[in-house]
Amino acid sequence: MRSRRSRSSPPRYSGFGLIRRGLTGTSWPPAWRRYEPRRRYDVVVIGGGVHGLATAYYLAAQHGLTNVAVLERGYLGGGASGRNTAIIRSNYLTPEGVRFYDRSVRLYESLAAELNFNAMFSQRGHLTLAHSDSALRIMRWRAEVNRLQGVDSSVIGRAEIASLVPSLDVTDHPRFPILGGLWHPPGGIIRHDAVVWGYARAADALGVHLHQDTEVVGIDVSGGRVRGVRTNRGQIAAPAVVTCTAGWASTVCDLAGIELPITTFPLQAAVTEPVRPFLDTVVVSGTLHVYVSQSDRGELVFGAAVDPVPSYSTRGSLEFTENVAAHVLELMPALAQVRILRQWAGLCDMTPDFSPIIGPTPVEGFYVDVGWGTYGFKAGPVAGEAMAALVATGKTPELIEPFDLARFTDGRLVGERGAAAVGH
Ligand SMILES: Cc1cc2nc3c(=O)[nH]c(=O)nc-3n(C[C@H](O)[C@H](O)[C@H](O)COP(=O)(O)OP(=O)(O)OC[C@H]3O[C@@H](n4cnc5c(N)ncnc54)[C@H](O)[C@@H]3O)c2cc1C
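Residues numbered from 1 in each chain as written. Predicted model: local features only at pLDDT ≥ 70, side-chain atom pairs only at ≥ 80, totals over all residues. Heavy atoms only, no water.

By the naming in an unreviewed UniProt entry, the chain goes by Sarcosine oxidase subunit beta and is assigned to Phytoactinopolyspora mesophila. The UniProt entry for the chain carries the following comment under Sequence similarities (unreviewed entry): "Belongs to the SoxB family." The record in UniProt for the chain states the following under Subcellular location (unreviewed entry): "Cytoplasm". (UniProt positions renumbered as here; feature names shortened; annotations may be inferred.)

Right, here's the structure in full:
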């Protein structure tokens, strides 16, 4: 892979640099620079989340395309990329999904070194609990599909679950006793802000322009192809425009005259006060609509399924906190005294088959990388890499062929609901 740095790009982070700056009191320069937007770019990427930034980074790093702009209407990582619960895994249900997410896990494994940014990827294992025979049946199916794709995943029983996560109530007493689980050792969590900033810094170093407070308000299309975008900071011409706008995907695609089969739902999460480390896996229960992991700071991070009603609201609700607390206590009664510190919400762009929409559109030069629902953070690297290859070469990489927009009219859905509804 080519890695070029422009003359005034930020310095490399290193232990030596940290000591030198600590001793001399020299502050670190900003991680990325501000520019006035050019009137023309080779590629405009809309959305400064992990997908937009990864796309821009791989365009520059792997294809030498540096006349690229990322347009973000707020701040980088201000969308779902900075609001998620940072779970990474590849134990999906369809072979297409497993192959795709597995490539992302592999990119995540080397990301900190590649971007020179400590993203703290912790592959602590991912455990999905089964509370019914039908859930166990689906897990066996998933484990088989995973293993056929070379992904480490197996169904385990109560005794093994008890030794992996001693805090779980594995007795017959709960309303929904634990019958078994799907154990996926490569899964884990990563610092989501670091991933966003790492991609941003590396893209900037290669010459990509990152424009915050820059909202796309129109997309120019004529003769069946995209010509550029209109923003609150003026018009920008571009022969290629990629939208990575997640929860806002439908509104942005509307501007290009493209209707997406996407509905936007809020998704909430919460963290507790920090407690002594006791949980070193990610635990998910689809039946109870809840998952929990412990951050490196000791906080317990809780999440659930999307809110029941579509909306663009990012407000938290008491109903969510009450439900999530009740369900976590069914799994881990010992947490009764732990206090929830804060909660928040982000937007999720849900598709009918719980798989993304990534690839070209009927408007030539206009590409979509959307439909990430509740599971798109883990896909940032692979989606960015594949989208960059598509834009740079005009050829759709095999890995994303199944996820094109045309599948909704051709009837080729990639049904991932069984592996994506709550598990993120
Ligand atoms: C609470 C929560 C928990 C989650 N947990 C997980 C998890 O554990 N694992 C996982 O894999 N996924 C998870 N997800 C989903 C994941 O966060 C998203 O799928 C992913 O971050 C989408 O990334 P993105 O870059 O496509 O979008 P975003 O990060 O949302 O970025 C889109 C950006 O587009 C910008 N934008 C929108 N319209 C315009 C416009 N007109 N002009 C310019 N900019 C615009 C927005 O401001 C935004 O910053 C979770 C999501 C939430 C909300």
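Next comes the rest of the account.
1. Examining the overall build of the chain
In terms of helices and strands, the chain carries 12 helices and 19 strands. For the chain, whose C-alpha radius of gyration is 22 Å, the value lies close to the compact-globule estimate of 22 Å for 424 residues. Seen through its C-alpha atoms, the chain measures out along the principal axes to roughly 65 × 65 × 40 Å. Looking at the chain as a whole, 56% of its 424 residues are labelled buried. For the chain, contacts bridging at least 24 residues in sequence account for 76% of all contacts bridging at least 6. (Helix = DSSP H or I, 4+ residues; strand = E, 2+ residues; numbered from the N terminus. Rg over C-alpha atoms; globule rule 2.2 N^0.38 Å. Buried < 20%, exposed > 50% of the residue type's maximum accessible area, 1.4 Å probe, protein only. Contact = heavy atoms within 4.5 Å.)

2. Side note on the layout of surface pockets
Of the voids in this model, the largest pocket is the one considered here, and its volume is about 840 Å³. The wall of the largest pocket is formed by 49 residues, among which G79, A80, S81, A246 and W248 lie closest to the centre. Looking at the lining of the largest pocket, the elements with two or more residues in it are α2 (50-63), α8 (249-255), β13 (263-272) and β17 (340-350). For the lining of the largest pocket, the element with the most residues is β17, which contributes 4 residues. (1 Å grid on protein atoms, 1.4 Å probe; cavity = no way out; pocket = protein on both sides within 12 Å on 5 of 7 lines; lining within 4 Å. Points joined across faces, edges and corners; volume = space filled by probe spheres on them.)

3. Description of the domain arrangement of the chain
When the parts of a complex come together, some accessible area is lost, and that lost area is often taken as the interface size. As far as domains go, the chain holds domain 1 (33-122 + 187-261 + 352-423) and domain 2 (123-186 + 263-350). One C-alpha centre belongs to domain 1, the other to domain 2; they are set 27 Å apart. Listed per partner, the contact involves 42 residues of domain 1 and 46 residues of domain 2. The contact between domain 1 and domain 2 buries some 3,300 Å² in all, and 58% of this surface belongs to carbon and sulfur atoms. (Domains from an automatic or database assignment. Buried area = accessible area lost by both parts, 1.4 Å probe.)

4. Focus: the site of the ligand
Around the ligand sit 37 residues, and of these E72, A80, S81, I87 and K378 come closest. The separation between a nitrogen atom of the ligand and a polar main-chain atom of V216 is 2.9 Å. Note that an oxygen atom of the ligand is positioned 3.2 Å from one of the backbone N or O atoms of Y375. When the free accessible area of the ligand is taken as 1,000 Å², the share hidden by the protein chains comes to 98%. Breaking the shell around the ligand down by element, the ones donating at least two residues are α2 and β13. Here the shell around the ligand spans two domains, and each of domain 1 (33-122 + 187-261 + 352-423) and domain 2 (123-186 + 263-350) adds at least three residues to it. (Near = heavy atom within 4 Å. Polar contact = N/O pair within 3.5 Å; in protein donor to acceptor, adjacent residues only side chain to side chain. Areas by Shrake-Rupley, 256 points an atom, 1.4 Å probe, with all protein chains shown as cover.)

5. Concerning the packing of aromatic side chains
All told, the structure shown has 11 aromatic pairs when counted by the stated rule. Taking 6.0 Å as the distance between ring centres and 40° as the angle between the ring planes, the aromatic pair formed by Y108 and F377 counts as tilted. A residue pair is termed long-range when its members are at least 10 positions apart, and Y108 in helix α3 (residues 95-109) and F377 in the loop between β19 (366-370) and α10 (380-393) qualify at 269 residues. Taken individually, Y108 and F377 each receive the classification buried, so the pair is uniform in this respect. Grouping aromatic residues by their ring pairs yields a cluster made of Y92, F100, Y101, W372 and F403. Just above the ring of W28 sits the side chain of R21; from NZ or CZ to the centre is 4.4 Å. (Phe/Tyr/Trp six-rings, centres within 6.5 Å; stacked < 30°, edge-to-face > 60°. Lys NZ or Arg CZ within 6 Å of the ring centre and 35° of its normal.)

6. Considering the packing of α3 against α10
Remark: α3 packs on α10, axes separated minimally by 7 Å, with the N-to-C direction vectors making an angle of 100°. Put simply, α3 runs roughly perpendicular to α10. Here F100, R103, S104, L107 and Y108 of α3 lie close against α10, whose contacting residues are G380, P381, V382, A383 and E385. (Axes fitted to C-alpha atoms, helices over the stretch in contact; angles between N-to-C directions. Parallel < 35°, antiparallel > 145°, perpendicular 65-115°, else oblique.)

7. Overview of the environment of P30
Relative to the helices and strands, P30 resides in the loop between α1 (15-24) and β1 (43-46). Through-space distance from the C-alpha of P30 to that of P11 is 10.0 Å; in sequence the pair is 19 residues apart.

8. Here's the deal with the packing of α2 against helix α7 (residues 192-205)
Following both chains from N to C, one finds α2 and α7 inclined at 30°, their axes separated by 9 Å at the closest point. The angle between α2 and α7 places the two elements in the roughly parallel class. With respect to the hand of their crossing, α2 and α7 are arranged in left-handed fashion. Contacts between α2 and α7 involve V50, L53, A54, Y57 and Y58 from the former and V195, V196, Y199, A200, A202 and A203 from the latter. (Left-handed = near helix turned anticlockwise from the far one by under 90°.)

9. Some details on the pattern of salt bridges
Per the stated rule, a full pass over the model turns up 19 salt bridges. Each of R297, E299 and R342 takes part in a single network of salt bridges with overlapping partners. (Salt bridge = Lys/Arg side-chain N within 4 Å of Asp/Glu carboxyl O.)

10. A short note on the sheet that holds strand β4 (residues 126-130)
Ordered by their spatial adjacency, 8 strands build an open sheet running β5-β6-β4-β14-β15-β16-β13-β17, and the pairing between neighbours is mixed. Looking at which strands have only one partner, the edges of the open sheet turn out to be β5 (154-156) and β17. Taking the axes of each pair of neighbouring strands and ignoring which way they run, one obtains an average angle of 20° across the sheet. Relative to strand β14 (residues 282-285), β4 is paired through 4 bridges, and the arrangement is parallel. Its bridge partner lying in β14, T128 is registered against V284. (Pairing = 2+ DSSP bridges.)

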